[in-house]
Amino acid sequence: MSISPTRLLILGAGGQLGAELVRRFAADPASWSVASLTRAQLDLTCEEALRQAVRNHAPQILLNAAAYTAVDRAESEPELAHAVNATAPGILAEEMAQLGGWLIHYSTDYVFDGSGTTPWRESDPTGPLNVYGASKLAGELAIAATPARHLIFRTSWVYAAEGRNFLHTMLRLGRERSNLAIVDDQTGAPTSAEAIAAATLELALRLRSGFSPPSGVYHMTCSGETTWFGFASAIFAAFAAQLPPPALKPLASADYPTPARRPQNSRLDGTRLAETLGLRLPHWQDALAAVAASLLHTTAS
Ligand SMILES: NC(=O)c1ccc[n+]([C@@H]2O[C@H](COP(=O)([O-])OP(=O)(O)OC[C@H]3O[C@@H](n4cnc5c(N)ncnc54)[C@H](OP(=O)(O)O)[C@@H]3O)[C@@H](O)[C@H]2O)c1
């Protein structure tokens, strides 16, 4: 007997991760009946519209990839960041508790204060350094305060073939300048939206088959670690045939002041994700190679 497609609602469909989730899930219509909404179609700060959208679609799984992600701007727009990143996820969880479905939500390494050099575990104390991190942490807590079945995936340094991200900023700056100074004292794992979406799909297929893991927070990043300087070096190496690499100079965060402070140690420990959910993401260099290959293919065709 075949199982009918699982109803899925994806929010933030215009973002890097949301677009990738839509692409992956929509490719398997036998398993998924996908509805997706962009910001233009649903503003998460409008509570009534948000509740109504969830009730209308009645998803069995809700994927929330919408977020206020402008880390520096959040310092001057704390209320808006909180509305999108904290209040809205709590509302989504309340609605999903009513429906009895799963809420899959994404959070960030910026919930930590960046001290030490060992990878953060889910049980470690949080201590956000900036408004964005505090708003994302408040969103995690708002979800956990409801009875909704939920998985919160904390990820880091997200980029994709499309969207506003470090990869595209580097390629643009590399075309404009022959010398670049890049921060070299923040360590973490660049994680492609493709890798997050692939892991989310794998997990969702298991939820669809009746797997019922413990609700809670899981760290989901590509494996390995580097600094922004290391990530930039790898980006220019991957595109060296198309773009003469600029000269790169390592920079201390203190010499690159930004409105929001950022954690120096953004390493996230993926043990819980592997042991409890059976999910492992690729090494960040392999994920970058895949994104570079798809970008180079698009440019060539
Ligand atoms: N990007 C990173 O480096 C990073 C790192 C760690 C964790 N994360 C988390 O990963 C998840 C996905 O991030 P991403 O990189 O895909 O971010 P993104 O590309 O900025 O996408 C976020 C989406 O949310 C939308 N959005 C913002 N405000 C909204 C509102 N009021 N109502 C409805 N939609 C709204 C944005 O629309 P507009 O584009 O129109 O504003 C955008 O389409 C988020 O939970 C984020 O916090 C990201």
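> Which parts of the structure should I look at to understand the overall build of the chain?
The helix and strand inventory of the chain stands at 9 helices and 12 strands. Taking 2.2 N^0.38 as the reference for a compact globule, 301 residues should give roughly 19 Å; the C-alpha atoms of the chain span a radius of gyration of 19 Å, in line with that estimate. Structurally, the chain occupies a C-alpha span of about 55 × 45 × 40 Å along its principal axes. Classification of the 301 residues of the chain by burial places 44% in the buried group. Partitioning the intrachain contacts of the chain with sequence separation of at least 6 by distance along the chain shows that 85% fall at a separation of at least 24.

> Would you mind going over the site of the ligand with me for this structure?
In the region of the ligand, 24 residues are neighbours, and Gly-15, Leu-17, Arg-39, Ala-67 and Val-158 sit closest. Those elements giving two or more residues to the shell around the ligand turn out to be α1 (16-26) and β4 (102-108). A breakdown of the residues in the shell around the ligand according to their chemical character gives 10 nonpolar, 11 polar and 3 charged.

> Explain unusual backbone geometry here, please?
With the exception of glycine, the majority of residues adopt a negative phi angle, and the majority of peptide bonds are in the trans configuration. With a phi angle near 40 degrees, Ala-58 is a residue other than glycine that sits in the positive phi range. Residue classification places Ala-58 among the partly exposed positions, given that 14 C-beta atoms sit within 10 Å. Despite not being glycine, Trp-157 has its phi angle at roughly 45 degrees, a positive value. Within the secondary structure layout, Trp-157 lies in the loop between β5 (149-155) and β6 (158-159). Residue classification places Trp-157 among the buried residues on the basis of 21 C-beta atoms within 10 Å.

> Mind showing me how you'd approach the nonpolar core here?
One broad trend across soluble globular proteins is that nonpolar side chains are buried collectively. Ile-10, Leu-62 and Leu-103 are the most contacted members of the largest nonpolar core, which has 83 residues in total. Dropping the residues within four chain positions of it, Ile-10 is found in contact with Gly-18, Leu-21, Val-22, Val-34, Ser-36, Leu-63 and Ala-65.

> Hey, could you run me through the packing of helix α5 (residues 166-176) against helix α7 (residues 228-238) in this one?
Helix packing geometry: the angle between the two helix axes and the distance between the axes. Direction vectors running N to C along α5 and α7 enclose 65 degrees, while the axes themselves pass 10 Å from each other. Here the hand of the crossing between α5 and α7 comes out right-handed. Contacts between α5 and α7 involve Phe-166, Leu-167, Met-170 and Gly-174 from the first element and Phe-231, Ala-232, Ile-235 and Phe-236 from the second. Counted by class, the contact of α5 with α7 contains 7 nonpolar, 1 polar and no charged residues.

> Any chance you could explain the packing of helix α2 (residues 47-57) against helix α3 (residues 78-99) here in plain terms?
Relative to each other, α2 and α3 sit at 35 degrees, their axes nearing to 10 Å. Judged by the twist between their axes, the crossing of α2 over α3 is right-handed. On α3, the residues that touch Glu-47, Leu-50, Arg-51, Val-54 and Arg-55 of α2 are Ala-88, Ile-91, Leu-92 and Glu-95. Partitioning the contact of α2 with α3 into residue classes produces 5 nonpolar, no polar and 4 charged.

> How do you make sense of α1 when you look at a structure like this?
Count 3.6 residues to each turn of an α-helix, and residues three or four apart come out pointing the same way. Among the 11 residues in α1, 9 count as buried, and that is most of the element. Within α1 the residues assigned to the buried category are Gln-16, Leu-17, Gly-18, Ala-19, Glu-20, Leu-21, Val-22, Arg-24 and Phe-25. Where α1 is buried, its residues touch β1 (6-11), β2 (32-37), β3 (61-64), β4, β6 and α6 (193-208).

> In this structure, what is going on with the environment of Arg-206? I would like to understand it.
Inspection of the secondary structure assignment puts Arg-206 in helix α6. On a C-alpha basis, the gap between Arg-206 and Leu-277 in space is 9.4 Å, while along the polypeptide they are 71 residues apart.

> Looking at this structure, how should I read the environment of Asn-165?
Its location among the elements puts Asn-165 in the loop between β6 and α5. Using a count of 19 C-beta atoms within 10 Å as the deciding quantity, one classes Asn-165 as partly exposed. Measuring from C-alpha to C-alpha, the distance between Asn-165 and Asp-28 comes to 28 Å, with 137 residues separating the pair along the chain. Excluding its chain neighbours within four sequence positions, the residues that come into contact with Asn-165 are Gln-16, Val-158, Tyr-159 and Ala-160.

> Explain the environment of Leu-21 here, please?
Along the chain, the position of Leu-21 falls in helix α1. In this structure Leu-21 comes out as buried when scored by C-beta crowding, with 29 C-beta atoms within 10 Å. Placed 106 residues apart in sequence, Leu-21 and Gly-127 show a C-alpha to C-alpha distance of 29 Å.

What counts, and where the lines are drawn
Residues numbered from 1 in each chain as written. Predicted model: local features only at pLDDT ≥ 70, side-chain atom pairs only at ≥ 80, totals over all residues. Helix = DSSP H or I, 4+ residues; strand = E, 2+ residues; numbered from the N terminus. Rg over C-alpha atoms; globule rule 2.2 N^0.38 Å. Buried ≥ 20, exposed ≤ 12 C-beta atoms within 10 Å, placed from the backbone. Contact = placed C-beta atoms within 7 Å. Near = placed C-beta within 6 Å. Nonpolar A, V, L, I, M, F, W, Y, C, P; charged D, E, K, R; others polar. Core = buried A, V, L, I, M, F, W, Y, C linked by C-beta atoms within 7 Å. Axes fitted to C-alpha atoms, helices over the stretch in contact; angles between N-to-C directions. Left-handed = near helix turned anticlockwise from the far one by under 90°.

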